[in-house]
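# Working through the structure, step by step
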Amino acid sequence: MKQFLLTAFCMLVLQWMLHAQEFRVPRNRTERVNKGDTVYVFQVLLEPSSLSCREELFYYWFADTCIRRNQGTWNGKLLDGLFQVFLKEGKLMKEGLFHEGLKQDTWRDWDKDGKIIKSESWKDGVLHGMTWWAINDSIWLKTKFRRGKIIKQDSIKNRTKL
């Protein structure tokens, strides 16, 4: 009986170990590009799924050490994942997400002092949701988008209302 239980236990452990070591092909890889005083850190899609381009959308891609943008097409590795722009000294200037070359979710820009100057909401490459742009230190432009179209726009004088 002891030998049976030991054998069954070993089989369960072996089966668990085989599942734990499933090999997964990575979806993307991280790239880093230095241009003057600016450092770009981003991810590119290794193998695009069967993606069909939409003519009206702008696709962001990477080729020959350059990040490029084209409407309705691409010709390189699509950006996919976290995208960040830093100054050489390490200050974060821009951050957002790409999904298969299209802007997705929240994108933010900061000035050299670390103050947020822009926040945009994107869905599948189109502005969608609330967007804020700093006109100056005390006035912000607040715009609500739905599928790229402006629904409502206001200027806000008090920055704390963000």
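Criteria and thresholds
- Residues numbered from 1 in each chain as written.
- Predicted model: local features only at pLDDT ≥ 70, side-chain atom pairs only at ≥ 80, totals over all residues.
- Heavy atoms only, no water.
- Helix = DSSP H or I, 4+ residues; strand = E, 2+ residues; numbered from the N terminus.
- Buried < 20%, exposed > 50% of the residue type's maximum accessible area, 1.4 Å probe, protein only.
- Contact = heavy atoms within 4.5 Å.
- Areas by Shrake-Rupley, 256 points an atom, 1.4 Å probe, with all protein chains shown as cover.
- Salt bridge = Lys/Arg side-chain N within 4 Å of Asp/Glu carboxyl O.
- Polar contact = N/O pair within 3.5 Å; in protein donor to acceptor, adjacent residues only side chain to side chain.
- Core = buried A, V, L, I, M, F, W, Y, C linked by side-chain atoms within 4.5 Å.
- pLDDT = per-residue confidence, 0-100.
- Phe/Tyr/Trp six-rings, centres within 6.5 Å; stacked < 30°, edge-to-face > 60°.
- Pairing = 2+ DSSP bridges.

Okay, the overall build of the protein next. Looking only at helices and strands, one finds 1 helix and 12 strands in the protein. Along the chain direction, N to C, the helices and strands of the protein fall in the order α-β-β-β-β-β-β-β-β-β-β-β-β. Taking all 162 residues of the protein together, the buried fraction comes to 30%. Across the protein, contacts joining residues at least 24 apart in sequence account for 24% of those joining residues at least 6 apart. Total accessible area computed for the protein in this model is approximately 11,300 Å², and 54% of it derives from carbon and sulfur atoms.

This brings us to the pattern of salt bridges. Applying the stated criterion across every chain yields a total of 8 salt bridges. Close ionic contact of aspartate 80 with arginine 27 constitutes a salt bridge, the shortest N to O distance being 2.9 Å. You can see aspartate 80 sitting in strand β5 (residues 77-87) and its partner arginine 27 sitting in the loop between α1 (2-20) and β1 (28-35), a full 53 residues away along the chain. Given the relative accessible area of 3%, aspartate 80 is considered buried. One salt bridge in this structure joins aspartate 109 and lysine 118, with 3.9 Å as the shortest N-O distance. Through salt bridges that share partners, Lys94, Asp109, Lys118 and Glu120 make up one connected network.

Okay, the side chain of threonine 143 next. If you trace the backbone, threonine 143 turns up in strand β11 (residues 140-146). Of the polar contacts made by the side chain of threonine 143, one reaches the side chain of glutamine 153; its length is 3.1 Å. Discounting chain neighbours no more than four positions away, the residues touching threonine 143 are Gly129, Met130, Thr131, Trp133, Ile150, Lys152 and Gln153.

The next subject is the nonpolar core. It is characteristic of soluble globular proteins that their nonpolar side chains tend to be buried jointly. Phe42, Val44, Phe62, Leu79, Phe83, Phe98 and Trp107 are the most contacted members of the largest nonpolar core, which totals 15 residues. Where this core is concerned, the elements lending two or more residues are β2 (38-45), β3 (58-63), β5 and β6 (92-99). In terms of residue count, the dominant contributor to this core is β5 (4 residues). Each residue touching phenylalanine 62, except ones within four places of it in the same chain, is listed here: Glu31, Val33, Phe42, Val44, Ile67, Gly76, Lys77 and Leu79. One finds Leu45, Leu57, Tyr59 and Leu102 within the second-largest nonpolar core, a separate group that totals 7 residues.

This brings us to the confidence of the model for the protein. Here the protein averages 85 in pLDDT, while 81% of its residues score no lower than 70. Averaged over each element, pLDDT in the protein is lowest for α1 (61) and highest for β6 (97).

Right, let's get into the packing of aromatic side chains. Within this structure, the stated rule accounts for 9 aromatic pairs. Relative to phenylalanine 62, the ring of phenylalanine 42 lies with its centre 5.0 Å away and its plane at 65 degrees, an arrangement referred to as edge-to-face. With a gap of 20 residues between them, phenylalanine 42 in strand β2 and phenylalanine 62 in strand β3 connect regions that are remote in the sequence. Note on accessibility: phenylalanine 42 and phenylalanine 62 belong to one class, buried. Between the aromatic rings of phenylalanine 83 and tryptophan 107, the centroid separation amounts to 5.7 Å while the plane-to-plane angle is 40 degrees, which identifies the pairing as tilted.

Attention now goes to the pairing of strand β7 (residues 102-110). Where β6 lies against β7, 5 bridges are found, and the strand directions are antiparallel. Bridge pairing in β7 links lysine 94 to aspartate 109. The hairpin turn running from β6 into β7, its antiparallel successor, is 2 residues long, and glutamate 100 in that turn takes a positive phi close to 50 degrees. Sheet topology note: the β7/strand β8 (residues 116-123) ladder contains 6 bridges and is antiparallel. Pairing of aspartate 105 across the sheet is with tryptophan 122, part of β8. In this antiparallel pair of consecutive strands, β7 and β8, the connection spans 5 residues, and glycine 114 shows a positive phi of 90 degrees.

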